[in-house]
Structures are given as structure tokens and as C-alpha cells.
Amino acid sequence: SHGNGGPVVGGALLGGLAGNAIGGDMDCSDRPYAARSYHDSFYGPVGQRHEWRHGRDRGYVVTTREYRRGHRWCRDFTQVVWRHGRELRRDGVACRRGGGEWEFQ
């Protein structure tokens, strides 16, 4: 745990956020909060909006569809981040690995 009541998620999603363009839309300190929303979005029903907030920054992620790509399940998603008063919108894809963890494509 972070000791500050922050969310704890699997390392793959958090690491994926750090190394992916979508993570560039948010401050490093926001990523653990956003990663929890991604986790809930990818493992939850398609079309449900999962919001996060950290200080003055906030955002949400919503998966828009689920489909098979070869033998893997994938989901399209939309991310919206409000950072320093600007709205940043980005679409992306995540697919499940063999172990069941989601990773950004």
C-alpha cells in the first residue's frame, strides 16, 4: 500500500500507463489513481464510466467494445483527463495476456 489511502493495482497496468502515450496525459502521481479506474473498467462491464480524482486533476475511462483478436480478448477504450484545466481525450486498445492481466497495445 502507498500509506496514503491510494489505490493499489497490478503492476502491469500501472507500468503500462507509465510507458504508454495515454500516461503522458497525466502527472506521474495521478497514474496510480487512474490505473485503478482502468482496472475496474477492463474487468467490469463494457460501457461503464470509471472516474478518478487526485488533487485538482481528474479523469475517467470507459471501455466502448470488447472483441477477440486472434485468441486474445481486447477492449477499445476512451480516456478523458482534465489536467491544469485542459481536457485531454484519447482512444486506445487493451488486450488480455495469457495470465489474464490486461496490457495496453
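Counting restarts for each chain: residues are numbered from 1 in the order of the written sequence. Given that the model is predicted, a residue must reach a pLDDT of at least 70 before its local features are reported, and side-chain atom pairs must reach 80 or more before they are shown or counted; all residues, however, enter totals for whole chains, interfaces and linings. Side-chain numbers come from the whole structure's heavy atoms, not from hydrogens or water.

Colleague: Whenever I open this one, the overall build of the chain confuses me. Can you help?
Modeller: Going along the chain from the N terminus, every DSSP run of H or I of four or more residues is numbered as a helix, and every run of E of two or more is numbered as a strand. Along the backbone of the chain there are two helices and five strands. Along the chain, helices (α) and strands (β) appear in the sequence α-α-β-β-β-β-β when read from the amino end. Counting across all 105 residues of the chain, residues that qualify as buried make up 43%. Contacts between residues were defined by any pair of non-hydrogen atoms, one from each residue, lying within 4.5 Å. For the chain, the share of sequence-separated contacts (at least 6 apart) that also reach a separation of at least 24 residues comes to 39%. Classification of residues uses two cut-offs on accessible area relative to the type maximum, computed with a 1.4 Å probe and protein chains only: under 20% is buried, over 50% is exposed, and between them is partly exposed.

Colleague: Even after reading the chapter, I still don't get the environment of leucine 14, so can you show me in this structure?
Modeller: Structurally, leucine 14 is set in helix H1 (residues 11-19). When its relative accessible area of 27% is taken as the criterion, leucine 14 is described as partly exposed. Sequence-wise, leucine 14 and alanine 35 are 21 residues apart; in three dimensions their C-alpha atoms are separated by 5.6 Å.

Colleague: Is there a simple way to think about the environment of glycine 55 in this case?
Modeller: Within the element layout of this structure, glycine 55 appears in the loop between strand E1 (49-54) and strand E2 (57-69). Spatially, the C-alpha atom of glycine 55 lies 9.8 Å from that of serine 29, the residues being 26 residues apart in sequence.

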